[in-house]
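Structural overview
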Amino acid sequence: MALRFEPALESIAAAPIAAHYDHFIDGAWTQSTGGERFATIDPANETELSRVACGTGEDIARAVAAARTATSTWGRMPGRERAIYLYRIARAITERSREFAVLETRDGGKPIAESRDFDIPTAAAHFFYYAGWADKLAYALPGTAAPAPLGVVGAIVPWNFPLLMAAWKIAPALACGNTIVLKPAETTPLTALRLADVIADAGLPAGTVNIVTGDGATGAALVAAEVDKIAFTGSTAVGKGIARAIAGTKKRATLELGGKAANIVFADAARDEAIDGIVNAIYFNQGHVCCAGSRLLVEERAHDDIVARLTERLRTLRLGQPLDKNTDIGAINSREQYDRIVALVQSGIDDGATLVQAPCAIPERGFFYPPSFFTGAAPTQRIVREEIFGPVLTILTFRTAAEAIEKANATPYGLSAGVWTSDGAKARFVAARLRAGVVWCNTFNRFDASAAFGGYRESGYGREGGPSGLHGYLSA
Ligand code: NAD
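Now for a description of the structure that goes with this document. (Residues numbered from 1 in each chain as written. Predicted model: local features only at pLDDT ≥ 70, side-chain atom pairs only at ≥ 80, totals over all residues. Heavy atoms only, no water.)

Time to look at the sheet that holds strand β1 (residues 20-21). The three strands are arranged β1-β5-β4 in an open sheet whose pairing can be described as mixed. Both outer strands of the open sheet, β1 and β4 (37-42), are each paired with one neighbouring strand and no more. Sheet topology places β1 next to strand β5 (residues 47-53); two bridges connect them, and they run parallel. Each residue of the ladder has a partner; that of H20, found in β5, is R51. (Pairing = 2+ DSSP bridges. Helix = DSSP H or I, 4+ residues; strand = E, 2+ residues; numbered from the N terminus.)

A separate point is the sheet that holds strand β13 (residues 295-299). With mixed pairing, seven strands are arranged side by side in an open sheet as β14-β15-β16-β13-β12-β17-β18. Looking at the sheet topology across the chains shown, the edges are occupied by β14 (354-357) and β18 (438-441). The mean inter-strand angle of the sheet, taken between neighbouring strand axes irrespective of direction, is 20°. Where strand β17 (residues 416-420) meets β18, four bridges bridge the pair, whose relative direction is parallel. Note that in β18 the partner of V419 across the bridge is C441. Across the sheet, helix α14 (residues 401-409) lies against β12 (262-265), β13 and β16 (392-398), angled at about 170° from β13, the strand it touches most. (Axes fitted to C-alpha atoms, helices over the stretch in contact; angles between N-to-C directions. Contact = heavy atoms within 4.5 Å.)

Moving on, we come to helix α6 (residues 162-175). The end-to-end C-alpha distance of α6 is 20 Å, a good match for the 20 Å that 14 residues give at a rise of 1.5 Å each. Among the 14 residues in α6, 14 count as buried, and that is most of the element. Positioned one or two residues after α6, G177 has a phi angle of 95°, which is positive. (Expected span 1.5 Å × (residues − 1). Buried < 20%, exposed > 50% of the residue type's maximum accessible area, 1.4 Å probe, protein only.)

Turning to the site of the ligand, a few remarks are in order. The local shell around the ligand holds 27 residues, among which K183, E186, S235, L257 and E387 are the closest. A distance of 2.9 Å separates an oxygen atom of the ligand from a polar atom in the side chain of W159. For the ligand, an oxygen atom lies 3.2 Å from a polar atom in the backbone of G234. Protein chains bury 87% of the 850 Å² of accessible surface belonging to the ligand in isolation. The cavity where the ligand resides is the largest pocket. Taken together, the elements giving at least two residues each to the shell around the ligand come down to α8 (216-224) and β10 (229-233). (Near = heavy atom within 4 Å. Polar contact = N/O pair within 3.5 Å; in protein donor to acceptor, adjacent residues only side chain to side chain. Areas by Shrake-Rupley, 256 points an atom, 1.4 Å probe, with all protein chains shown as cover. 1 Å grid on protein atoms, 1.4 Å probe; cavity = no way out; pocket = protein on both sides within 12 Å on 5 of 7 lines; lining within 4 Å. Sits in = over half its atoms within 2 Å of the grid points.)

With that settled, consider the layout of surface pockets. By volume, the largest pocket amounts to about 960 Å³. Along the walls of the largest pocket sit 39 residues, with W159, G234, S235, V238 and R340 positioned nearest its centre. Within the residue set of the lining of the largest pocket, elements represented by two or more residues are α8, β10, α9 (236-246) and α12 (335-350). With six residues, α9 is the largest single contributor of residues to the lining of the largest pocket. (Points joined across faces, edges and corners; volume = space filled by probe spheres on them.)

Let's shift gears to unusual backbone geometry. For residues other than glycine, phi is negative in most cases, and the peptide bonds are mostly trans. Positive phi outside glycine occurs at E46, with the angle close to 65°. Summarising the element assignment, E46 is placed in the loop between β4 and β5. By relative accessible area, which is 29% here, E46 ends up partly exposed.

This paragraph deals with the pattern of salt bridges. Summed over all chains, the structure comprises 24 salt bridges. In this structure, E464 and K169 form a salt bridge, with 2.8 Å as the shortest nitrogen-oxygen distance. Residue E464 is located in the loop between β19 (460-461) and α16 (468-471), and its partner K169 is located in helix α6; the two are separated by 295 residues in the primary sequence. Each member of the pair E464 and K169 is classed as buried. (Salt bridge = Lys/Arg side-chain N within 4 Å of Asp/Glu carboxyl O.)

Moving on, we come to the packing of helix α10 (residues 271-283) against helix α11 (residues 303-314). Contact pair α10 / α11: the axes reach a minimum separation of 10 Å and the direction vectors enclose 60°. For the element pair α10 / α11, the angle class is oblique. As α10 runs across α11, the sense of the crossing is right-handed. Contacts between α10 and α11 involve R271, D272, I275, D276, I278, V279 and Y283 from the former and D305, I306, R309, L310, R313 and L314 from the latter. Across the contact of α10 with α11, the residue classes tally to seven nonpolar, no polar and six charged. (Parallel < 35°, antiparallel > 145°, perpendicular 65-115°, else oblique. Left-handed = near helix turned anticlockwise from the far one by under 90°. Nonpolar A, V, L, I, M, F, W, Y, C, P; charged D, E, K, R; others polar.)

So yeah, pure geometry; function would need other evidence.
Next comes the structure, spelled out in structure tokens:
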């Protein structure tokens, strides 16, 4: 059983939230032309945190026009000067990290330990990293005399890593001399809006970064607007729609989409480490992770032992209040996502797979789902093919490395994969044959600003992170 810990709630005093927010356009808080607002709620208790502006097509047009005007200052500024601003943003996020972490956790439901130790420091790291590139862009595109910015970037991000996904786009876009209009996800706008304060304090020229809140219609308006590039992270369905919408235009795009990653565990893997790796791969951020190791492929002779150990390990995971520093599993981001998880799990049960769930108490209010896994699933079932985007793992078996590779690649996605084995040659052999943008060996869900991340096939195209992350923001 899980050890009992006294609650250790992070204080919310560090992160005051206003009753309502407007858009951040041309360096100023700007009311929506439509005048409508929508609520953003705390998914851990279903209470309203704030009301944010619902962006109209006109709001988007104003933001894009401001960004276009700002290209003449920001885009022409020497790289070494742009770097100064990026370093300022990075430092300010670091200095205000507790405030950002509390906001991220309240708005999105993720455990404070994750926002504090992963989301916010990694977001700051991307600004630090790309600040260093701002005056070295010629080295990012070797053979190009003077790489130039594209102009105005429209960035659309999802709700699972709100500030981090925004940083993945804003930092390289600005380093390259582009200006930007960001559309945060509708359920998690608060850290992006707080970033607007940081950007204003850092003294960036007005219009360099604009933030327009809203839903899918606001995102679609941004895609249709006079932008030079769309940087999108979100679902494959919406990503395909964006690709269709910009086909035949000069707009560029990077699409970071969904995944259904295979996490392959060979019988010779260090078992305790593999169990922790499996837990991290699927239960990190309640499984709201595009690259989550949601299909566990276990070598047949290790299956029963791995299942027994995983069942035991689930008993030690602490599900509860996201603001509690002891919490491992926080709240599901929204009721809509909760309902989606419930429906997909029901499909697995109906299809005859066996469900195992952690025996944890579920709080009465809020959207909480216990860490779960399925055994006995067949490759044709929805729980094997579709992205559940929740704390639900599906376990399959294999007998040979060739079978593991075949099953791992039997998906339209190709974002990430994992390989667990004590045999280095086998790890290299298998990793080289997996059709995925990132393959982790004897670890999972590791990120670094200097490392490229991105997908194959229906997981999208383009890379974020590292020098490759600059390519999508420069024209040769
Ligand atoms: P989503 O596609 O529903 O929404 C993502 C963003 O797109 C939101 O801001 C939303 O408002 C906006 N949007 C919705 N409809 C739009 C439209 N027609 N035109 C333009 N914008 C529109 O995705 P989600 O449910 O918020 O996020 C979860 C998905 O994101 C999962 O599939 C996950 O795998 C994926 N994801 C991918 C990565 C990656 O790096 N590949 C990272 C995180 C999440």
